[in-house]
Every structure is written in structure tokens, then in C-alpha cells.
Amino acid sequence: MNIETLPSLDDTVSTVLQRWPFTADVFRRIGLGDCIGCVMGSYESLAEVSATYNVDAQFVLQELRSAVMQENAR
Amino acid sequence: MNESDSLAVLRNSTLFHGLTAEELEKVARAAKPFTIEPGAQLFRQEDPAARIYMLGSGQVKLVQNTPDGQQVLLRLVGPGEALGIVATLEGSVYPATAQAAAPGSGCSWDGKTLHRLMEAHPRIALNAIPFLVSRVHELQDRFRELATERVERRVARLLLRLVSQVGRRVPDGVQIGMALTRQDLAEMTGTTLYTVSRILSQWEELGLVKTGRKKVLIRAPHRLVAIAEELPPARS
């Protein structure tokens, strides 16, 4: 699996949601549901929103990546 | 601005989207180019609405004067957007004054010409519909905000609207990419300079925003959104 085809912590929330719309479910599940459709999503990276919401960034990344890998495997 | 500049303006506008190169050339030939300096006016409130203007570059404020002398900033217009379209098609007077906030250029048509163009190319009239619909929605939203929402929330929502239009990511936050005074913010939220200053000072102390000369930097995007949307605080 090429790492560039997976979300990274520097990606903005909007980038991730546009590229992998199905990750909306993940955002909701891990407590970042408010980020979906938020205007600031175009400016804030996954690392930043994780810090804001006090969610472990590595956990966020791992959840998003596994959702993307699962989807790619289908 | 010459005819080929006018053409570039038209190609990037929603009003003339979908027209063939030939049709665009016809529209450009009928256009009168203009340039405008900051502070100068394209038209004044209550003047007979004779022309519609399309901005190719720059930024124009639409300002309305109320009978009791208060100024209300209705909208900021940027490149590719048209001004005076409703009043001109209706043949009434301009409902607001259009004043340049930055050096700009573009082109204009008189009402008859635009009418003729719309008849010849219905695409233009169809393109105008979403524009008018979004204007109606914007007004409905603002009406609801004014009628029901706390001033603090209105200011937060305004900043977010501006971010979605002209936001720019900078190292310590999100910068609103246009000159913006506290007076502008007061006019756009239908409140007083005093109230806006009080709110911004408070937010500045809390580390939400940083304001400088005509500049607004949003340092805590989430907290501003939380105020605008009345979200519960982020879980900690």
C-alpha cells in the first residue's frame, strides 16, 4: 500500500473528507463529528483538530487509515 | 481594460457561464470597460439603476444608508460577481451605494442591452437564477440572525462567512484576507462600533482572535465556530 494514498496528520479535515467521503462515519464515531461540513475544516489539519478535541492524534490517524484501507480492499 | 480583458472577466463569471466563445465575444463587444480607485463609487443609492457592473478585479462594498443616518454594509462583491443586476432589470433605483474597497476594474452594460442579450441567450437569464436564489437565502439567514441571535453570535458568524470567502491559512491561525475595520464589522452585523469593539477585545483576551490595523486573525478556529454554532465545548 502506497502511503500517499492514505490520510496523514498534515492533511486538512476537508481534504480527507473530500477524498474519502466515507470517513465521515469515522469522524463521527471518534468525537470529531462537528468537523464535518465546518468551514474551518479547509484550514485545520488532522493534528490540529485532534489537539483541539483532546483526542490522540495517532488514534485518529489509525482509525482513518484503517477505514480507507478497508474501503480500498473492497 | 480592453476587449480581451473584458472577455477574460466574462469567462470567469457565473452570469455568462456556458456561453460559446462566439457568444462571449458578442457580450464583450456590448460591454463598457471601467477602472475604479479605492473610495470611488460605481453608483449611489437612489440613483436610477441604469447599468449592471461586473467586477473583474478588486473588491466593492455595497453600503446602504438608513433613513436615520446609519450605514449598513450589505455585502462585499469580488471578481466575477455582478452588481446592480436586480435594480437594473427592474428599471428602478439602486438600493445601495457601491464603493470600491480596493483598486478594481471590470465592465458594464446598460439595462436594455442586458435585456436584449438575455433574450438572445436565455442561458444568461438561467445563470442569473441561482445567483438570485442565493441572495434570497443570504437575506433570509441574515434576517433570522438579526431577529433572533445574540450579537456575539452574529459577529462570530460574520467572521466565519468571511473566512469561507477570503480566508487564508497563516502559521498562527486563519487570516481574513481583506482590510476590515471594526466599523465594517459593526455595519455588517447591524450593531454599533462600541459593541463590536467590546466583543473583539474580550475575544482577544481569551486568545480567540488577534486584531491589528484593519486585520483580523482567527487564532482559535474551533472556539469561534463553537460561539457561532452554539456548540458545546470540545470534550476534554
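Above this text you will find the structure in question.
Notes on the structure in this doc start here.

## A word on the sheet that holds strand β3 (residues 51-57) of chain B
All names here are of chain B.
Part 1 of the argument: In spatial order, the strands read β1-β8-β3-β6; together these four strands make up an open sheet with antiparallel pairing. Strands with a single pairing partner mark the edges of an open sheet, and in this sheet they are β1 (32-36) and β6 (82-83).
Part 2 of the argument: Two strands pair when backbone bridges link them, and β3 and strand β8 (residues 104-110) are joined in this way by six bridges, in the antiparallel orientation. Residue pairing across strands places tyrosine 53 opposite serine 108, the latter belonging to β8.
Part 3 of the argument: Helix α4 (residues 111-120) contacts β3 and β8 of the sheet and is inclined by roughly 75° relative to β8.

## Some points on the interface of chain B and chain A
Part 1 of the argument: Across the contact, 16 residues belong to chain B and 13 residues belong to chain A.
Part 2 of the argument: Counting every contact that joins chain B to chain A gives two salt bridges.
Part 3 of the argument: As a salt-bridge pair, glutamate 48 of chain A and arginine 169 of chain B come within 2.8 Å of each other at their nearest N and O atoms.
Part 4 of the argument: The tally of links between chain B and chain A comes to six residue pairs in polar contact (both at pLDDT 80 or more).
Part 5 of the argument: Those elements that provide at least two residues to the side of chain B that touches chain A are α6 (151-166), β9 (167-170) and α9 (221-229) of chain B.
Part 6 of the argument: Top contributing element to the side of chain B that touches chain A by residue count: α9 of chain B, with four residues.
Part 7 of the argument: Residue classes in the side of chain B that touches chain A are distributed as nine nonpolar, four polar and three charged.

## So, the nonpolar core
Part 1 of the argument: One finds Met40 of chain A together with Leu162, Ile176, Leu185, Trp203 and Leu224 of chain B to be the most contacted residues of the largest nonpolar core, which totals 31 residues.
Part 2 of the argument: If you list the elements that add at least two residues to this core, you get β5 (71-77), α6, β10 (173-176), α7 (182-189), α8 (193-205), β12 (215-218) and α9 of chain B.
Part 3 of the argument: Of all the elements, α6 of chain B adds the most residues to this core, at seven residues.
Part 4 of the argument: In this structure, leucine 224 of chain B is in contact with Met40 of chain A together with Ala156, Leu159, Leu160, Trp203, Leu208 and Ile218 of chain B, ignoring residues within four places of it in sequence.

Reading the values: the criteria
- Residues numbered from 1 in each chain as written.
- Chains lettered and ligands numbered in written order.
- Predicted model: local features only at pLDDT ≥ 70, side-chain atom pairs only at ≥ 80, totals over all residues.
- Heavy atoms only, no water.
- Pairing = 2+ DSSP bridges.
- Helix = DSSP H or I, 4+ residues; strand = E, 2+ residues; numbered from the N terminus.
- Contact = heavy atoms within 4.5 Å.
- Axes fitted to C-alpha atoms, helices over the stretch in contact; angles between N-to-C directions.
- Salt bridge = Lys/Arg side-chain N within 4 Å of Asp/Glu carboxyl O.
- Polar contact = N/O pair within 3.5 Å; in protein donor to acceptor, adjacent residues only side chain to side chain.
- Nonpolar A, V, L, I, M, F, W, Y, C, P; charged D, E, K, R; others polar.
- Core = buried A, V, L, I, M, F, W, Y, C linked by side-chain atoms within 4.5 Å.
- Buried < 20%, exposed > 50% of the residue type's maximum accessible area, 1.4 Å probe, protein only.

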